[in-house]
Each structure stands twice: as C-alpha cells, then as structure tokens.
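Structural characterization, general
The residues making up each chain are set out below.
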Amino acid sequence: MIQAKGIEKSFGSLKVLKGVDFNVSEAEVVSIMGASGAGKSTFLQILGTLSTPDGGSLVIDGIDVLKLKGDSLAEFRNLRLGFVFQFHHLLPEFTALENVMIPAFIAGRSRKDAEADAMALLTDLGLGERLTHKPSELSGGEQQRVAIARALINRPAVLFADEPSGNLDSKTKEELHNLFFRLRDKYGQTIVIVTHDPDLAKMCDRSLYMVDGVFV
C-alpha cells in the first residue's frame, strides 16, 4: 500500500530525514515511535502529501504521488488519504454529522449520499445519539471519534494518525486504541500511527523506532 524509498528532508542546514525507507502492506497497522525531534511528524506529513521531500520516491496505492500537482494532488489526498491529529480540528459551528460530511462534499458527493454514509459511520463509532451535537457539546473522546469518522468518510486507502490519543484520559485512550484495530478488521483499513504511547505501539502489527531521521 505504501512504498517509500530514500526519503530526505532538510530545513535550512538541518537535515531532518536522512534517506528513510518504509513499506506498509494493505490492512496493516504500523506505529512510528521516537523522541521529539526525531523526524516522525515530518515523515508522516510527507507520507500524507502535506509536505514534499527533498529526495526519494513515494508510491501509495499504486500511485507515484510525488508526480501529482495542484488539483490532482488535492483530489488524491481527499479521496485516498485520511488524517487524524492530536487536536481534532473540528469546525465548531457545525454539528458532528456536518463535520463528517465536509470531505464528502469536497469530493463532489450528493448530500443524500454523504449524509447516509456519515450517519452510518458515526453510529458505528458509538455516536448515533450525538449526530446533531456541536463539538463543544462532546467529550474529548467523542470529538476524536467524530474526527476519525470524518477521516474515513471517503473510504481512504490509508489512515494517518499523529498522536491521536495524546490528549485523552487513560480509559478513553484505550477505547480509541481498540477502535483503530476494529476499523482495520471491519474495513480492511491500512493505518500508520505516530505515537509516544508504548501500549498503542505494542498493539500494532509492527512498531518502528526513529532516531535522528532514520529508523533503527
């Protein structure tokens, strides 16, 4: 599903990624660990096409993504990639249902189709009673599940998560961790997670450790 070779990235004179190789199979859950500043989030942003590497190659779901530009890249990102961050980034003026529907609208789907899919996802994630609630009316765990539903609405090839449980209490964190594997089992979802949480890393099919811009 993901084939990255020789990924390099510098910021000025600081070389953050030093020729990283990385492969992920379909329906595999892989975690990336490492100290702050090791390059984990920079690498995840490159995998998610949010940042461009200085060197290397990247193929996702059979597509050479580094050759995509402008609208083609935006369309690929919208349809084939999902993102979950430590801070949920929900739009406060919209309901849970509306927040989840937004990527579907961007993809040109009809309101009827988007709403049905969003309702089904939120119900599956235990939020069937919270569809019309705005983010301020939801708990932290509920907000993060809305963000996950939003990431999944277009059935992406890969779900990227950056410290997804970093702001949650231990019980909610455990529920969220279990949710990732339920999504993999139900939807065949490929998931790449950057985390500092050793319990989450242990649950993954593989856990890789990054030090100074390379996996060790």
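Relevant structure appears above.
These lines cover the structure that appears in this document, whether it is placed above or below. This one's a predicted model, so the numbers in the text were calculated from it and none came from an experiment.

1. A word on the sheet that holds strand β8 (residues 190-194)
Across the sheet, six strands lie side by side as β6-β7-β8-β3-β9-β10; this open sheet has mixed pairing. Sheet topology places β6 (81-85) and β10 (214-215) at the edges, where each strand pairs with a single neighbour. Taken together, the five bridges between β6 and strand β7 (residues 158-162) define a ladder with parallel strand orientation. Within β7, the position partnered with valine 84 by the bridge is alanine 161. Contacting β3 (29-33), β6, β7, β8, β9 (206-211) and β10, helix α1 (residues 40-47) crosses the sheet at an angle of about 155 degrees to β7.

2. Considerations on the packing of helix α3 (residues 96-106) against helix α4 (residues 111-124)
Contact pair α3 / α4: the axes reach a minimum separation of 9 Å and the direction vectors enclose 125 degrees. As far as their axial angle goes, α4 and α3 are oblique. Like other packed secondary-structure pairs, α3 and α4 cross with a definite hand, here right-handed. Contact residues: α3 offers Ala96, Leu97, Val100, Met101, Ala104 and Phe105, while α4 offers Arg111, Ala114, Glu115, Ala118, Met119 and Leu122. Here the residues of the contact of α3 with α4 are counted per class, giving ten nonpolar, no polar and two charged.

3. Focus on the nonpolar core
In terms of nonpolar packing, the biggest core is built from 34 residues, with Val100, Leu122, Val146, Ile148, Leu159, Phe180 and Ile193 touching the most fellow members. Counting residues per element, the ones that place at least two in this core are α3, α4, α5 (140-152), β7, α6 (170-187) and β8. The dominant element in this core, judged by the number of residues it contributes, is α5, at six residues. Look past the residues within four positions of leucine 122 in its chain and what remains in contact with it is Ala96, Leu97, Val100, Leu127, Gly128, Leu131, Val146 and Ala149. Counting 27 residues, the second-largest nonpolar core is a separate cluster that includes Val30, Ala38, Ile60 and Phe83.

4. Things to note about the sheet that holds strand β4 (residues 55-60)
In space, the four strands of this open sheet follow the order β2-β1-β4-β5, with antiparallel pairing throughout. Of all strands in the sheet, those bounded by a partner on one side alone are β2 (14-24) and β5 (63-64). As judged from the two bridges shared by β4 and β5, these two strands associate in the antiparallel manner. Bridge pairing links isoleucine 60 to isoleucine 63 in β5.

5. Thoughts on the environment of aspartate 185
Here aspartate 185 lies in helix α6. Taking the C-alpha atoms as reference points, aspartate 185 and glutamate 28, 157 residues apart in sequence, are found 9.9 Å from one another.

6. Some points on the packing of aromatic side chains
Considering all chains together, one arrives at five aromatic pairs under this definition. For the ring pair phenylalanine 83 and phenylalanine 85, a centre distance of 6.1 Å and an interplane angle of 0 degrees mean the geometry is stacked. With a relative accessible area of 17%, phenylalanine 83 lands in the buried category. One aromatic cluster in this structure is built from Phe22, Phe43 and Phe215.

7. Regarding a nonpolar patch on the surface
A cluster of nonpolar residues, Tyr209, Val211 and Val216, forms a patch on the protein surface that exposes about 280 Å² of accessible area. Tracing the chain through its elements places valine 211 in strand β9. Taking relative accessible area as the criterion, valine 211 reaches 33% and is therefore assigned partly exposed.

8. Remarks on the side chain of histidine 177
Turning to its location among the elements, histidine 177 is positioned in helix α6. We classify histidine 177 as buried; its relative accessible area is 4%. Once residues lying within four places of it in the same chain are set aside, the contact partners of histidine 177 are Ser165, Asp197, Leu200 and Met203.

9. Quick look at α4
For α4, built from 14 residues, the straight-helix expectation of 20 Å at 1.5 Å per residue is met to within 8% by its first-to-last C-alpha distance of 20 Å. Within the span of α4, buried status applies to Ala114, Asp117, Ala118, Leu121 and Leu122. Buried residues of α4, viewed axially, fall in a sector of 130 degrees; they line one side. As for α4, its buried residues are in contact with α3, α5 and α6.

What counts and what doesn't
Residues numbered from 1 in each chain as written. Predicted model: local features only at pLDDT ≥ 70, side-chain atom pairs only at ≥ 80, totals over all residues. Heavy atoms only, no water. Pairing = 2+ DSSP bridges. Helix = DSSP H or I, 4+ residues; strand = E, 2+ residues; numbered from the N terminus. Contact = heavy atoms within 4.5 Å. Axes fitted to C-alpha atoms, helices over the stretch in contact; angles between N-to-C directions. Parallel < 35°, antiparallel > 145°, perpendicular 65-115°, else oblique. Left-handed = near helix turned anticlockwise from the far one by under 90°. Nonpolar A, V, L, I, M, F, W, Y, C, P; charged D, E, K, R; others polar. Core = buried A, V, L, I, M, F, W, Y, C linked by side-chain atoms within 4.5 Å. Buried < 20%, exposed > 50% of the residue type's maximum accessible area, 1.4 Å probe, protein only. Phe/Tyr/Trp six-rings, centres within 6.5 Å; stacked < 30°, edge-to-face > 60°. Patch = residues over 30% accessible without salt bridge, like charges linked within 9 Å, V, L, I, M, F, W, Y side chains within 5 Å. Areas by Shrake-Rupley, 256 points an atom, 1.4 Å probe, with all protein chains shown as cover. Salt bridge = Lys/Arg side-chain N within 4 Å of Asp/Glu carboxyl O. Expected span 1.5 Å × (residues − 1). Arc of directions from axis to C-beta.

By themselves, these figures tell us nothing about what the structure is for.
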